[in-house]
Structure formats: C-alpha cells, structure tokens
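Each chain, letter by letter, is given below.
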Amino acid sequence: MILITGASSGLGAQIAQRYAQQGKSLLLSGRDQQRLQQVKDNCLGKAATHVTDLAEAKSVSTLFDALPQPPELIIHCAGSGYFGPLTEQQPQQIVALINNNLLSATLVLQQAVKRYQDQAVTVVVVMSTAAQVAKAGESSYCAVKWGVRGLVESLRLELKYKPMKLVAVYPGGMATEFWQTSGKDIDLSNFMSAAEAAQMLVDALQHSARGFVSDITINRTE
C-alpha cells in the first residue's frame, strides 16, 4: 500500500499512475474529489481516494485511519506556491502558503511517525529546489520550503536507529497547474513535465537491506 498526498494533479497524479502500473495498491489524497476520481480512473483499479484538508489535524488523522494496513511508502506531494516581492504579498495568501506547505508537511509527518516509526515505512517529502537556494521574488515560498527541509532533517535525527526512513526530494521547474495560482508569470517551455519528473523519482526510490537514497534533486536541463 502506498499513500500519496497531493494526488489530484501534477506530480502526485503522475506518480500514482506509475505505481499503479507496477500493481501497487494506492490511497490517493487531495482536496478535490472530482479530480481525484479522474486520477483514480487512470490507475487500473488499484486506487482508493480520500478527500483531505492537510492543514487540519483531525482531517490528517482520519486520512491515516483510512489505511487498511501500514503503508510501505508515503509520498507527500501536496503544496502550493505564491511569489512576488514580499512588500507586495497579501497576508492571507502568505498564511495559505504556510498552511499548504509547512503546516501540512508537519501534520502528515506527525501522524506517520506516531503510527509507523517502528516499522519499515519510507516517507518521501517532495519540496523544491527553493529549499536549497534562496531566490529573489520567492522569499515567502523559500521560507516555507526551507522550513519543511528543516523539519525533515530534524526528524531524521529523532528517528535515528528506527526502521522508518525519510527521503527528501527537491524537484526543479515543472510545467504543472501549480503556476496558475502562484502569482508568477513564467515561461514554462523549458520546464520538465510532471510525467518526466515522476518517472525519475520513481526510478530513484530504490533501497537495499543496507542502504537507501536519502536525498533526491531533480534538475531541469536548461
């Protein structure tokens, strides 16, 4: 069983399709039931869906309650973007950015660790290259992504000697619906497709009895 958040579009939806092709059972989480159903329909009968508000603790707990057994893999893809000079950003949009990125990751990881820290569960947290390098015009976005990175790296220390593993993923520019509500007008012609990034990520998520890939950066070629 694999749990994927942010599965109603973009990278999460593409990852779901690839694991369905491998015959994996999936629980897909998102905020839009209609779009989740469309993704489910492309998953060869291998997926169930669950509408979740990841910024609300009870909703996240209910999502984890819906898992029929401990998952082998949790992939947290949910997030949003908001860009522009800090002086021009709207406070309510900044709050939404924090909720959709830092708060959601915190609540998902809290439930995962509470329930599965003593089991061989791999938790993948998809961030952005904005969690690695500061960018002008992306101050609040970088802040929340750096916050998620700090959360993951600190949790790794808490989980030392535990069988649960945390994998940090830093994808570069992808041509997805993410940009439509970001407030940033950008040329996407040289960006990766979500399908390309999903295939590279799934290929990279391999481990052995004595090792695992802990950090994955997916850069675009231009």
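In what follows, the structure referred to is the one given above.
So, how was this worked out
- Residues numbered from 1 in each chain as written.
- Predicted model: local features only at pLDDT ≥ 70, side-chain atom pairs only at ≥ 80, totals over all residues.
- Heavy atoms only, no water.
- Pairing = 2+ DSSP bridges.
- Helix = DSSP H or I, 4+ residues; strand = E, 2+ residues; numbered from the N terminus.
- Axes fitted to C-alpha atoms, helices over the stretch in contact; angles between N-to-C directions.
- Contact = heavy atoms within 4.5 Å.
- 1 Å grid on protein atoms, 1.4 Å probe; cavity = no way out; pocket = protein on both sides within 12 Å on 5 of 7 lines; lining within 4 Å.
- Points joined across faces, edges and corners; volume = space filled by probe spheres on them.
- Nonpolar A, V, L, I, M, F, W, Y, C, P; charged D, E, K, R; others polar.

Asker: Would you mind showing me how to read the sheet that holds strand β3 (residues 47-51) here?
Answerer: By way of backbone hydrogen bonds, the strands of a sheet pair with one another, either parallel or antiparallel. Ordered by their spatial adjacency, seven strands build an open sheet running β3-β2-β1-β4-β5-β6-β9, and the pairing between neighbours is parallel. Each having just a single partner strand, β3 and β9 (215-218) make up the two edges of the open sheet. Across the sheet, the mean angle from the axis of one strand to that of its neighbour is 15°, orientation sign disregarded. Two elements, strand β6 (residues 165-171) and β9, share four bridges in a ladder whose sense is parallel. The residue bridging V169 from the neighbouring strand is I216, located in β9. The sheet strands contacting helix α4 (residues 91-116) are β4 (73-76), β5 (122-126) and β6, and the helix crosses β4 at an angle near 170°.

Asker: Can you walk me through the layout of surface pockets in this structure?
Answerer: To locate leftover empty space, one rolls a probe as large as a water molecule over the atoms. Roughly 460 Å³ of internal volume is contained in the second largest pocket. If you go around the second largest pocket, you meet 24 residues; those closest to its centre are L73, T122, L205, Q206 and H207. At the level of elements, β6 and α6 (194-204) are the ones that each hand at least two residues to the lining of the second largest pocket. The element best represented in the lining of the second largest pocket is α6, accounting for three residues. Tallied by class, residues from the lining of the second largest pocket come to 13 nonpolar, six polar and five charged.

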